[in-house]
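Tertiary structure, described
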Amino acid sequence: MFEMSASGDYFLAGVCLCCAAGAVLGAWALKSEKKRARRMLLAAKAAVFIAAALALAAMDLFIKAFIGDDFSIEAVAKYSSPDMPFIYKLGAAWAAPAGSLLLLACAAVVLFGLWLVTLKTDGSIFNATAMIVGAVVCLGFSLVALLVAKPFAGSETAVAARAGLSPLLRNFWILIHPPAFILAYSSFLIPFVVVVASVFGGDTETAELYLQLRRWLLVGVCFLSAGLVAGARWAYLELNWGGYWVWDPIQNLSLLPLLGALAALHSINAIQLADNFRRWTLALAPAPFVLC
């Protein structure tokens, strides 16, 4: 349906505009006096919240296209078919780069918005820098989804195919594997933002900073561990890969952000023993997102 395709593109374009507005308002707040900066940052927060709502609407529309067999959308025509069970139609939504990148953009914006809910807006340099960094990253992901992945693109050639999801991907564990990875990668955005903002803001001593880092690193580790376990189980069942870590370089690479996050968590716990571990923590905490 053309209306669904157009609506999805409009939602994504709205996400990009709102993220851009958040970044601009954050930059403006950085150059303003504190009272005015607070107003700018409140407006930037509102823009990010609107972006999160639009991103969720776009993701909901994309999933509905798979569930409703809307074969006018290329991704649906390539990776779904009318005879597929509901659960596999849901998994097909992120089986291809288009759906995965859309989910990544959506998760990043939503999790950044959730973090902003817990952040007191005081007009500080930390607040302004965090808004700029987070909004720019979310804008980048959203632009990639809109202009490169094009999840709502239509194709008459693909409509005739309706090949359906690959038999290898019709497995319970592969339904968990990709979204768990994507949620982990999006969660690691928050420690990256917190460290960059705290360094630029000149405040790296507060206990709240390390509490936030610990909380979001743990969220990322939990999601990434679930994704790794699900992927290993799927590979064992479908591909007979007993030597899972030998065969799949993608999974080997996904160990890097996991190990980086675990190292950062150990460093945070060691701060009470030696104050010089603060530098190690500030170096390690953003590493998982960079490695992602």
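Rules behind the numbers
- Residues numbered from 1 in each chain as written.
- Predicted model: local features only at pLDDT ≥ 70, side-chain atom pairs only at ≥ 80, totals over all residues.
- Heavy atoms only, no water.
- Helix = DSSP H or I, 4+ residues; strand = E, 2+ residues; numbered from the N terminus.
- Buried < 20%, exposed > 50% of the residue type's maximum accessible area, 1.4 Å probe, protein only.
- Contact = heavy atoms within 4.5 Å.
- 1 Å grid on protein atoms, 1.4 Å probe; cavity = no way out; pocket = protein on both sides within 12 Å on 5 of 7 lines; lining within 4 Å.
- Points joined across faces, edges and corners; volume = space filled by probe spheres on them.
- Nonpolar A, V, L, I, M, F, W, Y, C, P; charged D, E, K, R; others polar.
- Patch = residues over 30% accessible without salt bridge, like charges linked within 9 Å, V, L, I, M, F, W, Y side chains within 5 Å.
- Areas by Shrake-Rupley, 256 points an atom, 1.4 Å probe, with all protein chains shown as cover.
- Salt bridge = Lys/Arg side-chain N within 4 Å of Asp/Glu carboxyl O.
- Expected span 1.5 Å × (residues − 1).
- Core = buried A, V, L, I, M, F, W, Y, C linked by side-chain atoms within 4.5 Å.
- Axes fitted to C-alpha atoms, helices over the stretch in contact; angles between N-to-C directions.
- Parallel < 35°, antiparallel > 145°, perpendicular 65-115°, else oblique.
- Left-handed = near helix turned anticlockwise from the far one by under 90°.

**A look at the side chain of Q212**
Tracing the backbone shows Q212 in helix α10 (residues 207–239). What makes Q212 buried here is its relative accessible area of 8%. Apart from the residues lying within four places of it in its own chain, the contact partners of Q212 are W115 and V194.

**Digging into the layout of surface pockets**
The calculated volume of the largest pocket comes to roughly 540 Å³. Taken together, 22 residues make up the lining of the largest pocket; nearest its centre are W94, S100, H177, P178 and F181. Elements that contribute at least two residues to the lining of the largest pocket include exactly α4 (86–92), α5 (97–118), α8 (172–187) and α12 (249–270). For the lining of the largest pocket, the element with the most residues is α8, which contributes seven residues. Residue composition of the lining of the largest pocket, grouped by class: 17 nonpolar, four polar and one charged.

**Focus on empty space enclosed by the protein**
Tallied over the full model, the rule gives one cavity of 30 Å³ or more. Roughly 50 Å³ of volume is contained in the largest cavity. Taken together, the elements giving at least two residues each to the lining of the largest cavity come down to α2 (34–67) and α6 (125–149). For the lining of the largest cavity, the leading source of residues is α6, giving three residues. Class assignment for the residues of the lining of the largest cavity results in five nonpolar, two polar and one charged.

**Focus on the environment of R215**
Within the element layout of this structure, R215 appears in helix α10. Owing to a relative accessible area of 39%, R215 belongs among the partly exposed residues under this scheme. Here the alpha-carbon distance between R215 and I174, two residues 41 residues apart in the chain, equals 27 Å.

**Points about a nonpolar patch on the surface**
A grouping of L30, I125, V199 and F200 is seen on the molecular surface, where their side chains present a nonpolar patch of about 400 Å² in accessible area. Mapped onto the secondary structure, L30 falls in helix α1 (residues 2–30).

**Section: α2**
Residues spaced three or four apart along an α-helix point in a common direction, a consequence of the helix completing one turn every 3.6 residues. If you check α2, its first and last C-alpha atoms are 49 Å apart, about what 34 residues at 1.5 Å a residue would give, namely 50 Å. Downstream of α2 by one or two residues, D69 has phi in the positive range, about 55 degrees.

**Some words on the nonpolar core**
If you look at the biggest cluster of nonpolar residues, it comprises 86 residues, and the most contacted ones within it are F62, F112, W115, F152, L189, L213 and L217. For this core, the leading source of residues is α2, giving 15 residues.

**Comments concerning the packing of α2 against α6**
It is at 11 Å that the axes of α2 and α6 come closest, and there the two elements cross at 30 degrees. On the basis of the axis angle, α2 is roughly parallel to α6. Handedness of the crossing formed by α2 with α6: left-handed. In contact with L41, A44, K45 and V48 of α2, α6 contributes N127, A128 and M131. Of the residues contributing to the contact of α2 with α6, the split by class is five nonpolar, one polar and one charged.

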